[in-house]
Amino acid sequence: MQNLSRHISFPRLLILGASSVIGSSWIYTNGIFFDKYGAGGEIFGFMLATFITVLASLSFAELSSIFPRSGGPVVYSYLAFGKRWGFATGWAILGAYLSALSFYVTASSMLLATLIPQISAGPGYTIAGAHVSLLELAIGVAFTLFIFALNVRGTKLTAGVQAVLFIGLIILGALLIVTGFTQGSVHNFWPAFAAGSDPWANVVRFVLPAMTFLTGWEVVTILAEEAAMPPRKIGKAVVGAILLAASYYIVVLLASAWVYPWEKTATFSMGSITAFTAAGFPLLGTAAYLIAFLGLLTSFIGLFTAAPRLILSLARAGLLPPQFAKINEKHNTPVNATVLVLVFAVGFGWLGKGAMTYFLDLGGFFVAMAWAITAAALWRIRRTYPTLNGGFRLKHLWPSLLGGLLAILIAGATLYPKSPVALAWPTEYIMLAVWLGLGLLFYWLGRREHQPQDVALHHLLGEQEFTRLTAVKQRQDKGD
């Protein structure tokens, strides 16, 4: 099997992880979420989701330092539980990433339509109560093709582009934060919940969409094979990416609730973008719009980079047809896997802006499942190979297991109709069934390629890591 080359430095890996998390919709959909949950529900919900996410990420951090290979979570779960769980983990994260990418296909044209309303007019079709013009769809597809072309040329280019875009996000965010807190008032934010509402329930209800907004840090582990650094630093980049992105979300949102009364922002279709303009800072309204656009670019690029590497690792293990394990020699990219991601993103993206909430909810369910499985995988690998150590080693496993438990509880709650975070019936259940059905189809298509576990692990881990794992197992057997 061909290997990917190592050329991503620690700062760029950290930026790739954080910028893949920071998307676009959070800064303008906060009007909707302020209306549904109050400013406190969204901001404190983000804090709770960040806590859960950091706990869940600890298993990824340790395992990525032990096995710095492409597709990270697929490798861990395959080693711990075998091919079925390896496939389930990879397909779940892939579902979350494709949900986000499909969202961005629509969001790219929707953002432009705020400047040029004619984009949303004209012939088209209606899905989920929202009109999708053919021009909107064409712009979204063109934008997706641009991201595809960028990714085909490899992570050396995408990491450099991400670094430049991330610096722009930091500068613009700093302008909003300084102005919001110096020119605004705490009275615009507090009380942070609507009168008569249940604060705790509102915080909990926002956790699921918040987990989707926080999705993307797994990119660090999925790109680990291309990281040029000591493995322990990969684990640090995992946690660092979450804290960096989550802090950015929370502080910028709090600044927008500080600068203008959140109850009024709750009536705006473009959230913080309109709030800063209404507060008397039109240039900062433009800055918020640019944050949305840059965030869309960074997240789009990051997830489009990671998704093919999940497919690559599944193909290496014989869980998908071997054509998807092909690596382009010139650019060192999984070219066929990247084409498949393009097909999926455009294929789901035609559902349009009416399906945007569906994509967010389903993405939250998928990542919660993947986080829970990976936490269990760490526990199993620790028991099977207790001496394995990549340099980032947790002193205690309970925080990681707690994160996995909370994640599986949230995932389970989405399937319980009376739960406050339940999936929308019947649309989201149908979309979930479609993705599971596609998973079974691809698993069936790759069934002829199913390999003995030792062969699959050899392909997944690569020669060096497989040899090390075999040596550790032999020493343990002799010790017994």
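Here, the structure is the one placed above.
For the structure given in this document, a descriptive report is provided here. Since we're looking at a predicted model, the values are computed, not measured.

### Concerning helix α1 (residues 10-21)
Stage number 1. Taking 1.5 Å as the rise per residue, α1 with 12 residues should run 16 Å; its terminal C-alpha atoms sit 17 Å apart, in good agreement.
Stage number 2. Judged by how many residues are buried, α1 sits mostly within the fold: nine of 12 residues are covered.
Stage number 3. Among the residues of α1, those classed as buried are Leu 13, Leu 14, Ile 15, Leu 16, Gly 17, Ala 18, Ser 19, Ser 20 and Val 21.
Stage number 4. Buried-residue contacts for α1 involve α6 (155-183), α7 (199-213), α8 (219-222), α9 (231-259) and α12 (282-316).

### Section: the packing of α6 against α9
Stage number 1. Interhelical geometry of α6 versus α9 gives an angle of 35 degrees and a closest axis separation of 8 Å. Crossing handedness for the pair α6 and α9: left-handed. On α9, the residues that touch Phe 166, Leu 169, Ile 170, Gly 173, Leu 176, Ile 177, Gly 180 and Phe 181 of α6 are Leu 244, Tyr 248, Val 251, Val 252, Leu 254, Ala 255, Trp 258 and Val 259.

### A few points about helix α16 (residues 427-445)
Stage number 1. A rise of 1.5 Å per residue sets the reference length of α16, with its 19 residues, at 27 Å; its end C-alpha atoms lie 27 Å apart and thus fit the reference within 8%.
Stage number 2. Listing the buried residues of α16 in full gives Glu 428, Tyr 429, Met 431, Leu 432, Trp 435, Gly 439, Phe 442 and Tyr 443. Buried residues along α16 cover an arc of 165 degrees about the axis, so they all sit on one side.

### What to know about unusual backbone geometry
Most peptide bonds are trans, and most residues other than glycine sit at a negative phi.
Stage number 1. Backbone torsion omega between Trp 190 and Pro 191 reads 5 degrees, so that peptide bond is classified as cis.
Stage number 2. By the secondary structure assignment, Pro 191 is in the loop between α6 and α7.

Parameters and conventions
- Residues numbered from 1 in each chain as written.
- Predicted model: local features only at pLDDT ≥ 70, side-chain atom pairs only at ≥ 80, totals over all residues.
- Heavy atoms only, no water.
- Helix = DSSP H or I, 4+ residues; strand = E, 2+ residues; numbered from the N terminus.
- Expected span 1.5 Å × (residues − 1).
- Buried < 20%, exposed > 50% of the residue type's maximum accessible area, 1.4 Å probe, protein only.
- Contact = heavy atoms within 4.5 Å.
- Axes fitted to C-alpha atoms, helices over the stretch in contact; angles between N-to-C directions.
- Left-handed = near helix turned anticlockwise from the far one by under 90°.
- Arc of directions from axis to C-beta.

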